Amino acid sequence: MFVRTESFKEFLRFYPIVSFLVGLHFFLWLLMDFLQLGFAVDLKEWGIGMNALILNGEYWRLVTPIFLHGDFTHALFNSFSLVLFGPALEQMLGKGKFVIMYLFAGIVGNLGTFIVNPDAYYWHLGASGAIFGIFGVYLFMIMNRKHLIDTANSQIILAIFAIGLFMTFARPNINIFGHLFGLIGGFAIAPVILKNARRFSLWQVRTRHSRSDSDDISFDPNRWQKRKYGRNTGKYIIWGIIIFLALFALVNRM
């Protein structure tokens, strides 16, 4: 569910919304921060989140910060999280519901930040609130829709979520309220968007997108051995990521 075994072309075809969002992150970073083009820098200043300006009527700043990032590392980390946890949910919900959930959670994160301190003059930006909204949906599944997610993937979500929550409070310059309210937004909208949702299956995804390619549907006598190997490898990758994130959080805490 959270192990990406698709080819690059398959990923783009199977998960168009996640692919678009990741591409947008790096495209905007390239224009605004790397090349620092004049119109792009102005666009970033126009879209970045600032509560005092929202209080003065610039309400678009509740939405635009979702797509902006402070630097390459910020964009990379959020994009990595989106690639890891977004595809399964995009396929389970469908493109339309996934977009609604992502924007709703991101807006709720920014709105919560505004409500807590509407006069604040600090800047805030990033997709973290929307990504925590994804975690909110998964947490709702674990608690109330157990048929949509198995035990192993539930454990992965809980472990990554715990590390993400720890890093939220441990690292400096983090919009804590954006993360927490984004999580609440995802959890709150989950009962609506999960209606008629089906469990993620890469095999079903490939079948759905198949164009009658005989190689894709042909019988493979070694498929079970390959699946077993892939599953074990996936566990090592996921837990390797968990350990890396834990060490990363501890180092930044020092």
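Details of the structure are given in the entry above.
Residues numbered from 1 in each chain as written. Predicted model: local features only at pLDDT ≥ 70, side-chain atom pairs only at ≥ 80, totals over all residues. Heavy atoms only, no water.

1. Quick word on the overall build of the chain
Here is step 1 of the chain: Assigned secondary structure in the chain consists of 12 helices and 2 strands.
Here is step 2 of the chain: Counting helices and strands in the order they occur from the N terminus, the chain gives α-α-α-β-α-α-α-β-α-α-α-α-α-α.
Here is step 3 of the chain: Across the 254 residues that make up the chain, the buried fraction comes to 44%.
Here is step 4 of the chain: Of the roughly 14000 Å² that the chain leaves accessible, carbon and sulfur atoms contribute 66%. (Helix = DSSP H or I, 4+ residues; strand = E, 2+ residues; numbered from the N terminus. Buried < 20%, exposed > 50% of the residue type's maximum accessible area, 1.4 Å probe, protein only. Areas by Shrake-Rupley, 256 points an atom, 1.4 Å probe, with all protein chains shown as cover.)

2. As for helix H5 (residues 72-93)
Here is step 1 of the chain: For H5, which comprises 22 residues, the first-to-last C-alpha distance of 29 Å matches the rise-based estimate of 32 Å (1.5 Å per residue) to within 8%.
Here is step 2 of the chain: Along its length, H5 shows its largest kink, about 45°, at glycine 86, and proline proline 87 lies within four residues downstream of that point.
Here is step 3 of the chain: Put simply, aspartate 71 is the residue that caps the front of H5, since its side-chain oxygen is 3.3 Å from the backbone nitrogen of threonine 73.
Here is step 4 of the chain: Phi for glycine 94, located one or two positions after H5, is positive at around 95°. (Expected span 1.5 Å × (residues − 1). Bend = angle between axes of the 7 residues up to and from the residue. Polar contact = N/O pair within 3.5 Å; in protein donor to acceptor, adjacent residues only side chain to side chain.)

3. Observations concerning the environment of glutamate 58
Here is step 1 of the chain: With respect to the helices and strands, the residue glutamate 58 is situated in the loop between helix H4 (51-55) and H5.
Here is step 2 of the chain: In the structure, glutamate 58 is positioned 11 residues away from glycine 47 in sequence and 9.4 Å away in space, judged by C-alpha atoms.
Here is step 3 of the chain: Polar contacts involving the side chain of glutamate 58 include one to the side chain of arginine 61, which spans 2.6 Å.

4. Re the nonpolar core
Soluble globular proteins tend to bury their nonpolar side chains together.
Here is step 1 of the chain: Counting 53 residues, the largest nonpolar core has Phe98, Tyr138 and Leu194 as the members making the most contacts within it.
Here is step 2 of the chain: Contributions of two or more residues to this core are made by helix H1 (8-14), helix H2 (16-34), H5, helix H6 (95-116), helix H7 (128-144), helix H8 (151-170), helix H9 (176-193) and helix H10 (202-209). (Core = buried A, V, L, I, M, F, W, Y, C linked by side-chain atoms within 4.5 Å.)

5. Overview of the side chain of threonine 64
Here is step 1 of the chain: With respect to the helices and strands, the residue threonine 64 is situated in the loop between H4 and H5.
Here is step 2 of the chain: Excluding anything up to four places from it in sequence, threonine 64 contacts Trp46 and Gly47. (Contact = heavy atoms within 4.5 Å.)

6. What to know about the packing of aromatic side chains
Given two aromatic rings, their pairing is described by the distance between the two centres and the angle made by the two planes.
Here is step 1 of the chain: If you walk through the whole model with that rule in mind, you get 13 aromatic pairs.
Here is step 2 of the chain: Pairing phenylalanine 140 with phenylalanine 187 gives two aromatic rings, centres 5.3 Å apart and planes at 75°, and the pair type is edge-to-face. Separated by 47 residues along the polypeptide, phenylalanine 140 in helix H7 and phenylalanine 187 in helix H9 bring together distant segments of the chain.
Here is step 3 of the chain: The exposure class assigned to phenylalanine 140 is buried, which follows from its relative accessible area of 8%.
Here is step 4 of the chain: Classification of phenylalanine 187 as partly exposed rests on a relative accessible area of 32%.
Here is step 5 of the chain: The rings of Phe2, Phe85, Phe132, Phe135, Tyr138 and Phe161 are connected pair by pair, giving a single aromatic cluster. (Phe/Tyr/Trp six-rings, centres within 6.5 Å; stacked < 30°, edge-to-face > 60°.)

7. A closer look at a nonpolar patch on the surface
Here is step 1 of the chain: A cluster of nonpolar side chains, namely Leu30, Phe34, Leu35, Leu37 and Phe39, defines an oily patch on the protein surface of about 490 Å² accessible area.
Here is step 2 of the chain: The topology assignment puts phenylalanine 34 in helix H2. (Patch = residues over 30% accessible without salt bridge, like charges linked within 9 Å, V, L, I, M, F, W, Y side chains within 5 Å. Salt bridge = Lys/Arg side-chain N within 4 Å of Asp/Glu carboxyl O.)

8. Quick look at unusual backbone geometry
Here is step 1 of the chain: The phi dihedral of glutamine 36 falls on the positive side, at around 50°, and the residue is not glycine.
Here is step 2 of the chain: In this structure, glutamine 36 sits in the loop between H2 and helix H3 (38-47).
Here is step 3 of the chain: Here glutamine 36 falls in the exposed class, since its relative accessible area comes to 55%.
Here is step 4 of the chain: Phi at asparagine 173 is positive, roughly 60°, even though this residue is not glycine.
Here is step 5 of the chain: Along the chain, asparagine 173 turns up in the loop between H8 and H9.

9. A few points about the environment of glutamate 10
Here is step 1 of the chain: By the element assignment, glutamate 10 lies in helix H1.
Here is step 2 of the chain: A relative accessible area of 18% places glutamate 10 in the buried class.
Here is step 3 of the chain: A polar side-chain atom of glutamate 10 sits 3.0 Å from the main-chain amide nitrogen of serine 7.

10. A closer look at the pattern of salt bridges
Here is step 1 of the chain: This model, assessed by the stated rule, comprises 5 salt bridges.
Here is step 2 of the chain: The residue lysine 44 makes a salt bridge to aspartate 33 at a minimum N-O spacing of 2.7 Å. In this pair, lysine 44 sits in helix H3 while aspartate 33 sits in helix H2, placing the two residues 11 residues apart along the sequence.
Here is step 3 of the chain: For aspartate 33, a relative accessible area of 21% corresponds to the partly exposed category.
Here is step 4 of the chain: In this structure, glutamate 58 engages arginine 61 in a salt bridge whose closest nitrogen and oxygen atoms are separated by 2.6 Å.

11. Notes on the environment of alanine 197
Here is step 1 of the chain: By the element assignment, alanine 197 lies in the loop between H9 and H10.
Here is step 2 of the chain: Among the residues examined, alanine 197 registers a relative accessible area of 14% and is labelled buried.
Here is step 3 of the chain: When near neighbours in sequence (up to four residues on either side) are disregarded, alanine 197 contacts Met92 and Leu148.

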